[in-house]
Amino acid sequence: MKQSSQEGYLGGIEAFVLVSMFITVKLFFHIPRELSSAAGTASWMVPLIAFLGVVPVFLCVERVANRFSRASLLSISGLLWGRYVQWFLGLFLTVLLVVHVGYQMRIFGEFMITTLLPNTPISVVIISSALLGVFLAYNGLENLSRTAWLLFPLAIVVFLVSIFLVGFQGHIYYLSPWLGYGGVATIETGIRFMGLFKEIVLLTLIAPLFRKQKTFRQVGFGSLLFTASIYTLTQIVLHLNFPFPGAREVGFPLYQLGRLINLQFAIQRLEPFMVFAWSTVTTIGIAVGLYESALATTQGSRAPDFRPFLFPLAALAVVVAFIPESSIEAVNTYTYLMMILPIPFYGLPVFTWIWVTLFYRNSEELK
Amino acid sequence: MRKVSCLLISVLLLLVMSGCSSERELERTAFVLTMGIDKGEDGNLDVVFRVAIPRSMDIRAGGETTTLQETTKPITITARSISEAISLASTNVERKLDFRHLRIVLFGEELAREGLVFHQIDTLERNPEFRRTTYMLLTEGPAREIFLSTRPVLERSVSRYVDGIMQNMREQGYSRPITLHEFVSEIETYHVDPVLPMLKNNPMVLTEKSDSKIKPMPEAEYKQREAGKTEPGGKTTESLTRSGGNPSEFIGIGIFHQGKLMDKWSGWEANAYNLLRDTYHRAIWTFDDPIGKYTYAVELSKSRSPEVNIHWQDETPQISVDLYLDGDLLSLQSLEPYVNPDGLATIENNAATIIEKEVLQVIAKAQGMKIDPFFLSRYVRMHMTYIQDLQALNWREEFSRAQVNVHVNVKIRRPGLRIQPAKEFEYIGGQ
């Protein structure tokens, strides 16, 4: 069985699901708690404000992609600033993405151990998820996106059912005072949490896999809007059920919400279904992260295929996963990463767009 | 190459086998169904676990047990904390204690009076085996005493017993079922004092207990004990006048303030509390008949949530509460023909006046103690914009000097299967 080094095109809906899953992985971690801690009762507004902040960034991504017929951002940087810059940016993005995936694997491992597998060594969970991630990523983004699309109905149904069941048990007054720590403070928090959508940078690397610019644009805006809605809904339900001082201390908020579902004799103890669905989404997210880091290396070094990079990068991600000494350290560093990664992830496409707008003229325009 | 890949994958798959280290065999697990915590000596806790004996409940496996005592075994351990008690219990129980099916936790009154309940909650929240949907109860006296003397009337399954009791609490309103999640949420919420449902032993029924069975007392003794009790059952915190059944009574609520048990309220007061806290579902109310003799009973359900309006006038909070109840007529002891528009209006107004009086009484009681277990501040915070305002609000002080006006709307919708009461026209009884 010969594996082709060429990748097929991405379908719009599959790409939308894939990017959405990649963005929402952290929803199952501690992030809802961080939002509550930062914005109090107004934490549900934070994803919406962050979404509004990310839209101009994506517009830059879209404009740049359109200008260069959906070439990848690293190829464009090579064209603009030369191959050494392309190589450096490829390496830079790879390191950031490997660190990001490593921390995701660690927190996923901590989640599994805290909730379902208390006596299992964390190394087993991390290495298993890395192996599965490599297996999924090895077959390319086309296959990965189809897998995501197949699992999407299960994930979304379980998520919505759990959110609505637990939402109806909540109390509206826990959402007040309505503007949390203040209007300006909430907007400020929204801007600080623009990293909620940092995974959208994936689109800058996989742009060549889209057939049409319109599909590319729809996938970008669609997944941003969809994930912003999911985050907002989750924060509303979290605050309907937990008073704000308590919401910021909940270990794994979505899991805790799932455990609250208790409709007397009829419906209770549903969280095993939810953990299964969340683990599925997280695994897809980890696979996409590994794929993306391999792709950044490939495009940075102008290599013909990403597959040879997958195994060493997955091994590096596993190493990174073992760096934090405790769960709290992993969680804090991940939150910190979420705050600073948007600087390069959003900064690079925005800077490229500014450069292209101000300085770049192609041969047609020069005539 | 393919063979090498297959071999490599197979070897790597062996890693997954390590996941079996978290396996929990049913045959090696002892499920704790209920737990009691009392203040022990020298700062210790007396922790009681009721462990299920699943085989004794399975009729197919030859189990022919009829009581809770035969399907479970209590174990008491003295330790410095719940976690230590769990670890010490493993020195004498041959299986691993598992709390995933824990349904109820009882806290002894002494523990609550000394402000030690809140200190035990952290274990229940932190350990993933404990669920936040576990019910919590406050016992009058030591939890262990009630733990050992409880005798469900019908159920031998702890889960069904607990579910049934909690369902009755919701439907009769003499208490309020509270889960760990609800209790913790109230602890963490600004300007509300948490409550726990009360559980106590009935001394009359306890005297009937012999060899783990309840033997109802003779009529003469019952009459003797009944004598002198003038207040209706549930009006005070005193136990009901009762013979037979379960020695345990789930009635009343314990009010906490700043971590300590501050007061115990009766079943009637719990009903009024439920109305204000919006935890009222339905209850049977018995009212004195307007003719001054006899009673009539109505089952009243909440028709909509309370409407509470709070505003400040000359720096004095003015609280206006509107409660909406409707329901069915259950009995007309006086045999008066009330089932017509005028008659129903009479008994509705009478019921509303009595409920208003009871609600105002509990409000006055809370104001006197400068506490707000009703969480009336939720109506203030719903108009707030910033958390800082909520934190700066001195609600308990404001509430204690508030002028409260309560208006109850009672509507009797259905008279039951009888219209006017049966009346023999020659009968002049009771006059």
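The written sequence of each chain sets the order in which its residues are numbered from 1. Whichever chain is written first becomes A and whichever ligand is written first becomes 1, with later ones labelled in order. Only residues with pLDDT of at least 70 are given local features in this predicted model, and only at 80 or more are side-chain atom pairs given and counted; all residues enter the totals for whole chains, interfaces and linings. Heavy atoms from the whole structure form the basis of all side-chain values; hydrogens and water molecules are not counted.

For chain A, the name recorded in an unreviewed UniProt entry is GerAB/ArcD/ProY family transporter, with Heliobacterium mobile as its organism. UniProt positions are given in the numbering used here, feature names are shortened, and annotations may be inferred rather than shown by experiment. If you open the UniProt record of chain A and go to Subcellular location (unreviewed entry), you find "Membrane".

Turning our attention to the overall build of chain A. A run of H or I in DSSP becomes a helix once it reaches four residues, and a run of E becomes a strand once it reaches two; helices and strands are each numbered from the N terminus. Each helix and strand in chain A was counted, giving 17 helices and two strands. As defined in this context, the radius of gyration uses C-alpha atoms, and a globule is described by 2.2 Å times the residue total to the power 0.38. Here the C-alpha radius of gyration of chain A, 20 Å, is about what a compact globule of 367 residues would show, namely 21 Å. Expressed as lengths along the three principal axes of its C-alpha atoms, the size of chain A is roughly 70 × 50 × 35 Å. Throughout this description, buried means an accessible area under 20% of the type-specific maximum (1.4 Å probe, protein chains only), exposed means over 50%, and partly exposed covers the range between. Burial analysis of chain A (367 residues in total) assigns 60% to the buried set. Long-range pairs, those at least 24 residues apart, make up 84% of the contacts in chain A with a sequence separation of at least 6. With residues, only the protein chains shown are counted as cover, and all accessible areas are computed by Shrake-Rupley using a 1.4 Å probe. Carbon and sulfur atoms form 69% of the exposed surface of chain A, whose accessible area is close to 14,200 Å². Contacts are assigned to residue pairs that have any heavy atoms within 4.5 Å of one another.

This part is about the pairing of strand β14 (residues 295–313) of chain B. All names here are of chain B. At least two DSSP bridges between two strands are required for those strands to pair. Relative to β14, strand β13 (residues 282–288) runs antiparallel, the two being bridged by seven bridges. The residue of β14 that forms the bridge with D288 is T295. Two elements, β14 and strand β15 (residues 316–332), share 15 bridges in a ladder whose sense is antiparallel. By the bridge assignment for β15, K302 is matched with L325. As consecutive antiparallel partners, β14 and β15 are separated by two residues, and within that stretch D314 has a phi angle of approximately 50°, a positive value.

All names here are of chain B. Relative to the helices and strands, M204 is located in helix α10 (residues 203–206). With a relative accessible area of 4%, M204 lands in the buried category. The contacts of M204, once residues within four sequence positions are left out, are M217, Y222, R225, L240, T241 and R242.

For the rest of this paragraph, the subject is the packing of helix α7 (residues 140–167) of chain A against helix α13 (residues 271–301) of chain A. Residues and elements named next belong to chain A. Convention adopted: a line fitted to C-alpha atoms gives each axis, helices being fitted over their contacting stretch, and angles between N-to-C directions are expressed from 0 to 180 degrees. The N-to-C vectors of α7 and α13 enclose an angle of 150°; their axes lie 9 Å apart at closest approach. Taken together, the axes of α7 and α13 are roughly antiparallel relative to one another. Regarding α7 and α13, the two cross each other, and that crossing is left-handed. Every residue of α13 that contacts α7 at G140, L141, L144, T147, A148, L151, L154, A155, V158 and S162 is listed here: F273, M274, F276, A277, T280, V281, I284, A287, V288 and Y291. Working rule for angles: under 35 degrees goes down as roughly parallel, over 145 as roughly antiparallel, 65 to 115 as roughly perpendicular, anything else as oblique. Handedness of each helix crossing follows the sense of rotation of the near helix against the far helix: counterclockwise by less than a right angle gives left-handed, clockwise gives right-handed.

Below, the discussion takes up the nonpolar core. Nine residue types can take part in a nonpolar core, namely buried Ala, Val, Leu, Ile, Met, Phe, Trp, Tyr and Cys, and a core is a set of them joined through side-chain atoms within 4.5 Å. Counting residues in each nonpolar core, the largest one holds 126 residues, and the members touching the most others are F197, L203 and I206 of chain A. Broken down by element, this core gets its largest block of residues, 14 residues, from α13 of chain A. Ranked by size, the runner-up nonpolar core spans 89 residues in total, among them W285, V298, A352 and V408 of chain B.

Attention now goes to the domain arrangement of chain B. All names here are of chain B. As annotated, the domain borders come from an automatic or database domain assignment. As far as domains go, chain B holds domain 1 (26–217 + 234–265) and domain 2 (281–425 + 427–431). A straight line from the C-alpha centre of domain 1 to that of domain 2 covers 32 Å. When domain 1 packs against domain 2, the two sides together hide about 1,700 Å² of surface, and 59% of this comes from carbon and sulfur. The term buried area denotes the loss of accessible surface (1.4 Å probe radius) that occurs when two parts are joined, taken as the sum for both partners. If you sort the residues of domain 1 by the area they bury against domain 2, Y190, H191 and W265 come out on top, with a joint share of 41%. Counted as salt bridges are all cases of a side-chain nitrogen of Lys or Arg within 4 Å of a carboxyl oxygen of Asp or Glu. Put simply, domain 1 and domain 2 have three salt bridges between them. Secondary structure elements with two or more residues in the side of domain 1 that touches domain 2: α8 (158–172), β11 (253–257) and β12 (260–265). Looking at the side of domain 1 that touches domain 2 element by element, the count peaks at four residues for β12. Any residue outside Ala, Val, Leu, Ile, Met, Phe, Trp, Tyr, Cys, Pro, Asp, Glu, Lys and Arg is labelled polar, Gly included; the first ten of those are nonpolar and the last four are charged. Within the side of domain 1 that touches domain 2, the residues separate by chemical class into seven nonpolar, five polar and five charged.

Turning to helix α1 (residues 12–24) of chain A, a few remarks are in order. Residue and element names in this part refer to chain A. The span one expects for a helix is its residue count, reduced by one, times 1.5 Å. Here α1 is 13 residues long and its end C-alpha atoms lie 18 Å apart, about the 18 Å a rise of 1.5 Å per residue gives. Most of α1 is tucked away, with eleven of its 13 residues classed as buried. Every buried residue belonging to α1 is among E14, A15, F16, V17, L18, V19, S20, M21, F22, I23 and T24, and all of these are buried. In this structure, the buried residues of α1 make contact with α7, α9 (202–206), α10 (213–241) and α13.

All names here are of chain B. If you trace the four strands from one edge of the open sheet to the other, you get β13-β14-β15-β16, paired in mixed fashion. At either margin of the open sheet sits one strand with a lone partner, and together these are β13 and β16 (403–414). Averaged over all neighbouring strand pairs, the angle between strand axes comes to 35°, with direction disregarded. Each of β13, β14, β15 and β16 is contacted by helix α13 (residues 341–369), which is oriented at about 145° to β16, the strand it contacts most.

As a further point, take the interface of chain B and chain A. Opposite the 37 residues of chain B that make contact, chain A presents 38 residues. Both faces considered, chain B and chain A share a buried interface measuring about 3,400 Å² in area, 56% of it formed by carbon and sulfur atoms. Along the contact surface separating chain B from chain A lie zero salt bridges. A 3.5 Å cut-off defines polar contacts: any pair of N or O atoms within that distance qualifies, except that in protein one atom must be a possible hydrogen donor and the other a possible acceptor, and neighbouring residues in sequence count only when both atoms are side-chain atoms. Taken together, chain B and chain A are joined by 13 residue pairs in polar contact (both at pLDDT 80 or more). Sorting the residues of the side of chain B that touches chain A by element identifies α8, α9 (180–188), α14 (377–381) and α15 (387–392) of chain B as the ones contributing at least two each. For the side of chain B that touches chain A, the class distribution of residues is 13 nonpolar, twelve polar and twelve charged.

Across the junction of S176 of chain A and P177 of chain A, the peptide omega takes the value -5°, indicating a cis bond. Mapped onto the fold, P177 of chain A is located in the loop between α7 and α8 (183–192). Even without being a glycine, L335 of chain B presents a positive backbone phi close to 65°. Note on placement: L335 of chain B falls in the loop between β15 and α13.

Glancing now at the packing of aromatic side chains. Residue and element names in this part refer to chain B. Centres within 6.5 Å are what make two rings of Phe, Tyr or Trp a pair, Trp counting through its six-membered ring; a difference in plane orientation under 30 degrees is then read as stacked, over 60 as edge-to-face, and the rest as tilted. By the definition in use, this model includes 37 aromatic pairs over all chains. On the numbers, 5.7 Å between centres and 65° between planes, the contact of F49 with F99 is edge-to-face. Here F49 is found in strand β2 (residues 45–52), whereas its partner F99 is found in the loop between β4 (96–98) and β5 (104–107), with 50 residues between them in sequence. Of the residues examined, F99 reaches a relative accessible area of 2% and is grouped as buried. Their ring planes at 35° and their centres at 5.9 Å tell us that W265 and F374 sit as a pair that is tilted. Of this pair, W265 sits in strand β12 while F374 sits in the loop between α13 and α14; the two residues are 109 residues apart in sequence, bridging distant segments of the chain. In this pair, the class of W265 matches that of F374, namely buried. Feature note: the residues W265, Y273, W312, F374, W395 and F399 constitute an aromatic cluster, connected by ring pairs.

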